[in-house]
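Next come the chains, spelled out residue by residue.
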Amino acid sequence: MEPNVSISLDVQGVSVRRGEHLLLDNVSFTAKPGEVVALLGPNGAGKSTLFKVVTDGMSADDGQVIFNDKPVNSWDLGERALMLGILPQSSSLNFPFSVSEVVLLGRSPCRSSREENAKVVEKALELVDATHLKERDYTTLSGGEKQRVHLARVLAQIWDESGPGPRLLLLDEPTSALDPAHQHQTLRIAKEFARNNVAVVVILHDLNLASQYADRLVMLCEGKVRAEGTSHEVLTPELLKQLLDIDVCIIPHPVNGYPLVVAA
Amino acid sequence: MTGAVPVSLENFIGLLKNWLGLDVPNAAEQGQAWMVVEVIRLPRTILGAVVGSTLAICGGAMQGLFRNPLADPSIIGVSSGAALGAGVGIVLIGLLPAALTSVLQVYTVPFLAFLGGFGATLLVYKIGTTSNGSSVATMLLAGIAIGALSGAGMGILNYVADDTMLRNLTFWQMGSLSGATWEQLTFIVPVLLGIQIIMVSQAKGLNALLLGESEARHLGHNIQNLKSRLIILTALGVGVSVSVSGMIGFVGLVVPHLVRMSIGPDHRYLLPASALLGASLLLFADVIARVVISPAELPIGIVTALLGAPFFMSLLWQQRNRIG
């Protein structure tokens, strides 16, 4: 079967029930290679549940998740690992690996040579601005440094196109522990990977970061997709009042023209 | 080569020559020393090496599986189950007429110890596993519960036991390598070495598992299979080890920990290095156990704890700032 390159991730009508509660209610969205999709929504909107369904930790009660033309669960794990990089919100790693060893773990599914892996590790660390941490004990890093190291690990995992289909990068709040400079750097990296034919889905809370870097915004609220489109379509005062319960003004960015959200 | 019977280096070289088919002038005089080496000390040394390395490798694997450097094989209930099994064996045999005792003791106690250890682990694993996979946290709690239950069982056994049984129970719990025979080794050595080899082949998965279970799956590992394999290998390895040598504490906890402190947590190196250090520690402890109160012997479990604990404490003391 020739992979359908136009859609990498296809979430089709996914619902998840927990007792009486509908955590996800008929959620559908897609991500294509080359685009950055931002997943937005208030706490408890179901973003993390959706993330778990997509990353195969949780089974959906209804609907399905198609990844590169196959249900995400039916891929061979080793093959899938070559195409799907996932950055969780936080990691429980508490063993004293060096930083470069942690990033090298990301290369474990790849069938490349030791030299090649070492090169990718170097490049990934450079990309996230962590080259100087290379020899450090991971457990002694700050929260933001850890987050960048894990980003480097996930980037190293899907560094080059070696799997049977296009690559997908899923980032769960990758900027939560980062200073402003590194927040922008992380999203620039996401954008750069997208330009190299990777589909990127990123969960974000910062509306302005989403507006600046994402090609499409998906707004999740109470388990439903409530809005989807470009930043101009989704970031409107009425919609944000209704979904996030905040009063805002939308002004165009003085240089680039994308909408900026400021509190009213 | 020290112990209850003195064997000189000359005796030992003579034995080596004899094995190689060379002529030894005073062969007849050396016969007794040779026999001590061949029948008692060599099997004992081999047993010490395989048991020590197995306990250390299983400890390293459990620390990885539970992502906790303070885990040891007893965490999944295997030691407490084995102790209960052995206890039942010792007391049951003690109740039988003396004529049967000596024959039965050799086989029954190891067999029941193995059964107890393996059964306890299976129970812990079953409790911790649902259709969604195995929960490491639930297994940990179940292991504690099994430990408490076996403790109670041992208490009952201690209560009903007479003096001889009590002594046997106590000594079993302190471990010994003195029961080693060639017959036993032909079965145990291949089994334990096989377990060690498979264990080492799981190193990559264990490394990924340190990142977290879902992260390991995202890196392409089938973690449910990995977890089952690690648990079963540990239950087998530790079950077989304690069944022949009794409880030898501290090796499974301290050895992988020491190795990690010096060469880092990468299981591709940590597991083989732990095996080497575990074997060395147990052999060293066995020598001490045989020498300090010669011609009697100290239980080896006491020696491993006496050697391991202060060394471990001094390492903790030195590195406490780094651990934080």
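Our focus in this paragraph is the overall build of chain A. A count of helical and extended segments in chain A gives nine helices and twelve strands. Against the 2.2 N^0.38 benchmark of 18 Å for 264 residues, chain A shows a C-alpha radius of gyration of 18 Å, consistent with a compact globule. By its C-alpha atoms, chain A is 55 × 45 × 35 Å across when sized along the principal axes. Split into buried and exposed, the 264 residues of chain A put 46% on the buried side. In chain A, the proportion of contacts linking residues at least 24 apart, taken out of those at least 6 apart, comes to 67%.

Turning our attention to the packing of helix α3 (residues 78-95) of chain B against helix α6 (residues 163-174) of chain B. Residues and elements named next belong to chain B. Put simply, α3 and α6 touch, their axes get as near as 10 Å, and they point 155° apart. Relative to α6, the element α3 is oriented roughly antiparallel. The interaxial crossing formed by α3 with α6 has right-handed handedness. The residues of α6 that touch α3, namely those facing Ala 83, Ala 86, Gly 87, Ile 90, Val 91 and Gly 94, are Thr 164, Met 165, Asn 168, Leu 169, Trp 172 and Gln 173. Residues of the contact of α3 with α6, tallied by class, amount to seven nonpolar, five polar and no charged.

Before going further, it helps to spend a moment on the domain arrangement of chain A. Residue and element names in this part refer to chain A. Splitting chain A by domain gives domain 1 (1-83 + 163-233) and domain 2 (94-160). Counting from both sides, the interface comprises 14 residues of domain 1 and, opposite them, twelve residues of domain 2. Of all the secondary-structure elements, those providing two or more residues to the side of domain 1 that touches domain 2 are α2 (77-81), β7 (167-172) and α6 (180-195). Tallied by class, residues from the side of domain 1 that touches domain 2 come to eight nonpolar, four polar and two charged.

Residues and elements named next belong to chain A. Here four strands make up an open sheet; going across it, the order is β2-β1-β4-β5 and the pairing antiparallel. What marks the edges here is a single partner per strand, and that holds for β2 (21-31) and β5 (70-71). Judged from the seven bridges that link them, strand β1 (residues 9-18) and β2 form a sheet pairing that is antiparallel. Pairing of Val 11 across the sheet is with Phe 29, part of β2. Sheet contacts for helix α1 (residues 47-54): β1, β2 and β4 (62-67); angle to β1, the most-contacted strand, approximately 115°.

Further remarks concern unusual backbone geometry. Residue and element names in this part refer to chain A. Look at Asn 68: it is not a glycine, yet its phi comes out positive at around 45°. Inspection of the secondary structure puts Asn 68 in the loop between β4 and β5. Its 26 C-beta neighbours within 10 Å are what place Asn 68 among the buried residues. The backbone of Asp 69 shows a phi angle near 75°, a positive value even though the residue is not glycine.

A few words now on helix α1 (residues 9-19) of chain B. All names here are of chain B. Among all positions of α1, only Asn 11, Gly 14 and Leu 15 are buried. One face of α1 carries all of its buried residues, which in axial projection span an arc of 100°. The exposed set on the far side of α1, more than 90 degrees from its buried face, consists of Leu 9, Glu 10, Ile 13 and Leu 16. Where α1 terminates, the next one or two residues include Gly 21, which has phi positive at roughly 80°.

A word on the environment of Thr304(B). Residues and elements named next belong to chain B. You can see Thr 304 is positioned in helix α13 (residues 300-323). For Thr 304, a count of 27 C-beta atoms within 10 Å puts it in the buried group. With 56 residues separating them along the chain, Thr 304 and Ile 248 place their C-alpha atoms 7.4 Å apart. With residues up to four places along the chain from it excluded, the contact list for Thr 304 reads Ile 248, Gly 249, Phe 250, Val 251, Leu 281, Leu 282 and Ala 285.

Further remarks concern the pairing of strand β10 (residues 224-229) of chain A. All names here are of chain A. The pairing of strand β9 (residues 216-221) with β10 spans five bridges and is antiparallel. Residue Cys 221 lies in a different strand from β10, and its bridge partner there is Lys 224. A loop of two residues connects β9 with β10, the two strands running antiparallel in sequence, and Glu 222 in this loop sits at a positive phi of about 50°.

Let's shift gears to the packing of α3(B) against helix α5 (residues 136-160) of chain B. All names here are of chain B. α5 packs onto α3 with a crossing angle of 20° between their chain directions and a minimal axis gap of 9 Å. One element, α3, and the other, α5, form an angle in the roughly parallel class. Between α3 and α5 lies a crossing whose hand is left-handed. Here Ser 80, Gly 81, Ala 83, Leu 84, Gly 87, Val 88 and Val 91 of α3 lie close against α5, whose contacting residues are Ile 146, Gly 147, Ser 150, Gly 151, Gly 153, Met 154, Leu 157 and Val 160. Within the contact of α3 with α5, the residues separate by chemical class into eight nonpolar, seven polar and no charged.

With that settled, the discussion passes to the sheet that holds strand β3 (residues 36-40) of chain A. Residues and elements named next belong to chain A. Strands sit in the order β6-β7-β8-β3-β9-β10 across an open sheet of six strands; the sheet is mixed. Pairing within the sheet leaves two strands with one partner each, and these edge strands are β6 (84-87) and β10. Shown here is a sheet whose adjacent strand axes are inclined to one another by a mean of 15°, direction ignored. Pairing between β7 and strand β8 (residues 198-203): six bridges, direction parallel. Each residue of the ladder has a partner; that of Arg 167, found in β8, is Val 198. In this fold α6 packs onto β3, β7 and β8, with an angle of close to 155° to the strand it touches most, β8.

About the thresholds
- Residues numbered from 1 in each chain as written.
- Chains lettered and ligands numbered in written order.
- Predicted model: local features only at pLDDT ≥ 70, side-chain atom pairs only at ≥ 80, totals over all residues.
- Helix = DSSP H or I, 4+ residues; strand = E, 2+ residues; numbered from the N terminus.
- Rg over C-alpha atoms; globule rule 2.2 N^0.38 Å.
- Buried ≥ 20, exposed ≤ 12 C-beta atoms within 10 Å, placed from the backbone.
- Contact = placed C-beta atoms within 7 Å.
- Axes fitted to C-alpha atoms, helices over the stretch in contact; angles between N-to-C directions.
- Parallel < 35°, antiparallel > 145°, perpendicular 65-115°, else oblique.
- Left-handed = near helix turned anticlockwise from the far one by under 90°.
- Nonpolar A, V, L, I, M, F, W, Y, C, P; charged D, E, K, R; others polar.
- Domains from an automatic or database assignment.
- Pairing = 2+ DSSP bridges.
- Arc of directions from axis to C-beta.

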